[in-house]
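Each chain, letter by letter, is given below.
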Amino acid sequence: MEMTHKPFPSPTKAKSVAKERPRGFNGHRHDKYVAAAFLGPSLVVLGIFVFYPMLKTLYLSLFLTNNVGRPTVFVGLKNYGTLLASSAYRASFQATLIYVFSVVVLTLTVGVLLAQAAVQKLAGIRWFRTIFSATMGVSVSVAAIFWLFIFSPSVGLLDQLAASLHLPVINWLTTPGWAMVAIIVSTVWMNLGFTFLILFGALQMVPTTLYDAAAVEGASPRYQFLHVTLPMISPTLFFTATVTLIGAFKSFGLIDLMTAGGPNNATNLMVYQVYRDAFLTGNYGQASAESMILAVVIAGLTWVQFKFLEKRVTYE
Amino acid sequence: MSIELSGLGKTYQPDEWVLHDVSARIASGEFFAIVGPSGCGKSTLLRMIAGLTPITAGNLKINGRVVTDLPPKERQLTMVFQSYALFPFLSVQANVAFGLKARKFPPAEIDQRVTRAIQLVDLTAFRDRKPRDLSGGQRQRVALARAIASEAKLCLMDEPLSNLDAQLRVKMRTELRRLQQQLGLTVIYVTHDQVEAMTMADHIMVLHDHQVQQIGTPLDLYHHPANTFVGSFFGAPRMNLLPARVSEATELTLAQTLKVALPRPLPVADYTVGIRPNAITVLPAGTGAPCATVQTVEYLGAQTLLETQLPDGTALELIGVAPADYRPGDRVAVQLTGTLYVFDAQGRARMTLEGGVVHGNDAQTVSVADQS
C-alpha cells in the first residue's frame, strides 16, 4: 500500500514514513517515477540546449567544416594546435585576461563603495539606491549607445568636456589602449546595478550591534570597514566575484556594438573571436576549438577562485 | 570611575522627549541598575552614556571629565550587549582581542590580557572555537571576557542575561556580581527584570514614561516607593493598588470596604493605597473581618496565591495560609497587618502606615512616616 504523500513532511514524520513503506520493488519503482517526473522537464531542456551543444562543440572542434558548419575532414587536435601557435590568438587571450581582471576588481570595488554609501542614513538616500541599481534595467544595446555618445570622438561628452577644460582630446574607441579602457568602464557600469543590489542586501544583513561593539572597543570607521564589514559580507563578495568573473569572460554585446573587436584587434576578446570565426568567416571547427578553450579557462579560473579565495570567506 | 548624569535628555523629533531630565551620580565601584518596562528609554540612556546615541540635552561626566560629545572610543568604557555582539567570523580569543588590536596594543600585551580574561570567565578550553560552536551561556561569557580584556573600569551592560535560560540566569547573576567586585568595575546595568536589579545592584534607577521615577537602594525602593509605579514594579507578588477615599480628615476607606484610621489628617480626596500581599493576613470567613471572594488559586509550592475580589469588585491578591485548600468561590476574611502606602491621585507617595493596622473604626497605627 502506498502512503499518502504530504508535500512537506516533518523530519520525524519522514523517518517513520520511510520505515513503514514496503521495502519491495513497488515502492522503489514509484520513487523512480516521481523522481523522473520532477527531473524530466529540466533534464530535457538542459539536454537540448546545454549538453547536446556542448558535446557537439567538442565534436566539431576535432573537424574541419564546410561553410554551413557540417564536419568534413577529421583533423584531431590540429585546430587546437593552430590556435595555440597563433600570436593573434595569444594576444586575444591576453586582452581577455586584462579585461576580465579589471572588470572583476573594479566592479567589486565600486560596488562595495556604492553599497556602503547607500546604507548610510542620509536624506534622500532612497533615490540613490534606486539610481545605483538602475543599470539592472538597462539593455546592452541601450547602454552601448549611451556609452558611444560619451566616448565618441570630438562630439562625445568626454571629449567635449576635455576640450572645454583644455585637456588633450582622446579618440577613445579608435586608440587601442583607450578602447580597452572604454569597454572596461562600460562593462563595469553595466555590472554595477546587480552587484550593488546584492552587496547592499548583504550590508543590510550585518547586525548594527557589531558596529556598536566595535565602536565602543575603539575601532575607527576604517578599521570597522576592514575588520567587520568585509568579513561579514565575504560570502556575498565571493559569490559576486565568481559571477562577475564568469560574466566578464562571456561579454559580447557591448564589444560588438562599441568596438567590434577593434581597433586593430585590441578589444578582440576570446568570445568575440569565437563569434567572428564561426559566424563571419564560417570556420566552425576552429570556433568550436576556441569555445572549448574558453570553457576550460573559465572552469579553471573558477576552480582557482574556490580553492584559494574561499578560504578567506567566513560563512556564519 | 564615577559617573555623573545631569539633566540628560533625548529627542528624535523636536519636543518629543524619549528621555527627559535624567540625573544621577554613580560612585566608583558601584553596581548601578537601570530598570523599567520595555520602551521606557533605558537602553537609549545606556547608549547615550556609551556614546552610541547622541545626547540632546544635559551633560555627562565620567571621572569628572565632560564626555557629552566625545565618541565612544574616547570614553574609556566597555559594553556588553544583549545579543552579545560577537564577531561570528572570529574565534573566541580573536573576539576578546578585537578591541586591543583595534587600539594597536603590542602583541605580547594583547596575548597576556586575552589569556587572563578568558581564564577569568573560564573559557580557556574554548579559546579557538567560533561563536557558533558555543552555547548561549558561553557566548555571554565571551562578551564578558571582551569587556574584561579592555580593562576599562566602566562597564555598561544592556540586558546581558535576558537571552539565557532561567537557571543559568540565576547563576550568572552571582557570577557577574563576583567578577564586578573582584575587578573593581563600575557597572551600569540595564534590565527590565526587577529581581535582577534587586539582587545585583547597589543602587537602582527606575525609569518609566521617559523619566526617572526614583533612585535608591533596592531596600529603599521596596520599602519607600516614591509612587505607585515603583511600588507595583518591585516585589513579587505585586503590590495591590486599591482605590481609596478620605471622607473625613482621618478616615480612609479602601475599596469602599476596609476602613483605616489615619494618624494624621489628609485632605478629603481620592487616593490610591498600595498593600503588598504579604501585608495582608488571610483569616477564615466569619471572624468579623471584611470578606473577599476567591477567583483563582495559584499554587507556587511554598506559597499559594489567591486572586480575590472585594465586595465592590476591586481585585485583591493575597497569600493563602499554607495547608488550606482554597477553591474559587470561597470567601476569606482579610486583615491588614503590614505596611500601607498611601498615594495621592497622581500616584505620588503621601504617607506610609507601618505595621499592624487594625481594620475597622477602631484602627490604630504603630508608626507613621510622612512623605509629603
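Residues numbered from 1 in each chain as written. Chains lettered and ligands numbered in written order. Predicted model: local features only at pLDDT ≥ 70, side-chain atom pairs only at ≥ 80, totals over all residues. Heavy atoms only, no water.

Draft legend 1. Structural detail: the overall build of chain A. Counting its secondary structure elements, chain A contains 13 helices and 2 strands. At 26 Å, chain A has a C-alpha radius of gyration far larger than the 20 Å of a compact globule built from 316 residues. Once the C-alpha set of chain A is aligned to its principal axes, its extents read approximately 85 × 75 × 35 Å. When the 316 residues of chain A are sorted by exposure, 39% land in the buried category. In chain A, the share of contacts with a sequence separation of at least 24, taken over all contacts with a separation of at least 6, comes to 66%. By element, 71% of the accessible surface of chain A is carried by carbon and sulfur atoms, the whole surface being about 18,600 Å². (Helix = DSSP H or I, 4+ residues; strand = E, 2+ residues; numbered from the N terminus. Rg over C-alpha atoms; globule rule 2.2 N^0.38 Å. Buried < 20%, exposed > 50% of the residue type's maximum accessible area, 1.4 Å probe, protein only. Contact = heavy atoms within 4.5 Å. Areas by Shrake-Rupley, 256 points an atom, 1.4 Å probe, with all protein chains shown as cover.)

Draft legend 2. Spotlight on the overall build of chain B. Helix and strand counts for chain B stand at 8 helices and 22 strands. Classification of the 372 residues of chain B by burial places 51% in the buried group. By sequence separation, contacts in chain B at least 24 residues apart represent 63% of the contacts at least 6 residues apart. As displayed, chain B has an accessible area near 16,100 Å², and 49% of this comes from carbon and sulfur atoms. Charge-centre separation for chain B: the mean point of 35 positive side chains lies 10 Å from the mean point of 35 negative side chains. (Lys, Arg positive; Asp, Glu negative; His and termini not counted. Charge placed at Lys NZ, Arg CZ, Asp CG, Glu CD.)

Draft legend 3. Expanded view of the packing of aromatic side chains. Enumeration according to the criterion identifies 24 aromatic pairs over all chains in this entry. Cluster of aromatic residues (ring-pair linked, three or more members): Phe146, Trp147, Phe151, Trp172, Trp178 and Trp189 of chain A. For Lys10 of chain B, the ring lying beneath its charged end belongs to Tyr12 of chain B, and the centroid distance is 4.8 Å. Above the face of the Phe105 of chain B ring, Arg113 of chain B is positioned so that its terminal group lies 4.5 Å from the ring centre. (Phe/Tyr/Trp six-rings, centres within 6.5 Å; stacked < 30°, edge-to-face > 60°. Lys NZ or Arg CZ within 6 Å of the ring centre and 35° of its normal.)

Draft legend 4. The arrangement of the pattern of salt bridges in detail. Residues and elements named next belong to chain B. Applying the stated rule across the entire model yields 10 salt bridges over all chains. Between Arg245 and Asp270 there is a salt bridge whose closest N-O contact spans 2.9 Å. With a gap of 25 residues between them, Arg245 in strand E11 (residues 240-248) and Asp270 in strand E14 (residues 269-275) connect regions that are remote in the sequence. Among the residues examined, Arg245 registers a relative accessible area of 38% and is labelled partly exposed. Between Arg348 and Asp344 there is a salt bridge, and its shortest N-O distance comes to 3.4 Å. Within this structure, Glu109, Arg113 and Glu151 form a network of salt bridges that share partners. (Salt bridge = Lys/Arg side-chain N within 4 Å of Asp/Glu carboxyl O.)

Draft legend 5. Inspection of the UniProt feature "domain: ABC transporter" (unreviewed entry) in chain B at higher detail. The residues that UniProt annotates with the feature "domain: ABC transporter" (unreviewed entry) are residues 3-234 of chain B. End-to-end, the C-alpha atoms of residues 3-234 of chain B are 25 Å apart, and along that stretch the chain is 37% helix and 27% strand. (UniProt positions renumbered as here; feature names shortened; annotations may be inferred.)

Draft legend 6. Region of interest: the interface of chain A and chain B. Across the contact, 19 residues belong to chain A and 22 residues belong to chain B. Carbon and sulfur atoms make up 69% of the area that chain A and chain B hide from each other, which totals about 1,800 Å². Interface area lost by chain A to chain B is led by Val216, Glu217 and Tyr223 of chain A, which between them contribute 37%. Linking chain A with chain B are 1 salt bridge. (Buried area = accessible area lost by both parts, 1.4 Å probe.)

Draft legend 7. A look at the packing of helix H4 (residues 136-149) of chain B against helix H5 (residues 166-183) of chain B. Residue and element names in this part refer to chain B. Close contact between H4 and H5 brings their axes to 12 Å; oriented N to C, the two are set at 15°. Taken together, the axes of H4 and H5 are roughly parallel relative to one another. The hand of the H4/H5 crossing is right-handed. Touching Gly137, Gln140, Arg141, Leu144 and Ile148 of H4 are Leu168, Met172, Leu176, Leu179 and Leu183, all from H5. By residue class, the composition of the contact of H4 with H5 is 7 nonpolar, 2 polar and 1 charged. (Axes fitted to C-alpha atoms, helices over the stretch in contact; angles between N-to-C directions. Parallel < 35°, antiparallel > 145°, perpendicular 65-115°, else oblique. Left-handed = near helix turned anticlockwise from the far one by under 90°. Nonpolar A, V, L, I, M, F, W, Y, C, P; charged D, E, K, R; others polar.)

Draft legend 8. The side chain of Ser232 of chain B, seen in detail. Residue and element names in this part refer to chain B. Structurally, Ser232 is set in helix H8 (residues 228-233). By relative accessible area, Ser232 is classed as buried at 9%. Setting aside chain neighbours within four positions, we find Ser232 in contact with Arg238, Met239 and Leu241.

Draft legend 9. Broad picture of unusual backbone geometry. Cis rather than trans, the peptide bond between Ala236 of chain B and Pro237 of chain B has omega equal to -5°. Residue placement: Pro237 of chain B occurs in the loop between H8 and E11. Positive phi outside glycine occurs at Asn264 of chain A, with the angle close to 55°. If you trace the backbone, Asn264 of chain A turns up in the loop between helix H11 (253-258) and helix H12 (270-280). Look at Glu151 of chain B: it is not a glycine, yet its phi comes out positive at around 55°. For Glu151 of chain B, the position within the fold is in the loop between H4 and strand E7 (154-158). Take Glu151 of chain B: its relative accessible area is 43%, and that puts it in the partly exposed class.

Draft legend 10. A look at the pairing of strand E10 (residues 211-216) of chain B. Direction of pairing for strand E9 (residues 203-208) of chain B relative to E10 of chain B: antiparallel, over a ladder of 5 bridges. Looking at E10 of chain B, one finds that Leu207 of chain B is bridged to Val212 of chain B. (Pairing = 2+ DSSP bridges.)

Draft legend 11. Examining the sheet that holds strand E4 (residues 57-62) of chain B more closely. All names here are of chain B. Read across the open sheet, the 4 strands follow the order E2-E1-E4-E5; overall the sheet is antiparallel. Because the sheet does not close on itself, it has two edges, and the strands there are strand E2 (16-26) and strand E5 (65-66). Judged from the 7 bridges that link them, strand E1 (residues 3-13) and E2 form a sheet pairing that is antiparallel. Residue Lys10 lies in a different strand from E2, and its bridge partner there is Leu19. Against the sheet, helix H1 (residues 42-50) contacts E1, E2 and E4, and its axis sits at roughly 115° relative to E1.

Draft legend 12. Focus on the domain arrangement of chain B. Residues and elements named next belong to chain B. Here chain B is partitioned into domain 1 (3-231) and domain 2 (238-370). The interface of domain 1 with domain 2 comprises 9 residues on the first partner and 11 residues on the second. Buried surface at the junction of domain 1 and domain 2, both sides included, amounts to about 770 Å², of which 54% is carbon and sulfur. Summed over the three residues of domain 1 that lose the most area to domain 2, namely Tyr222, Thr228 and Gly231, the buried surface amounts to 58% of that side. At the junction of domain 1 and domain 2, the tally comes to 0 salt bridges. Summed over the shared surface of domain 1 and domain 2, the result is 5 residue pairs in polar contact (both at pLDDT 80 or more). Of all the elements in the fold, those that place two or more residues in the side of domain 1 that touches domain 2 are helix H7 (218-223) and H8. The biggest single contributor to the side of domain 1 that touches domain 2 is H7, with 3 residues. (Domains from an automatic or database assignment. Polar contact = N/O pair within 3.5 Å; in protein donor to acceptor, adjacent residues only side chain to side chain.)

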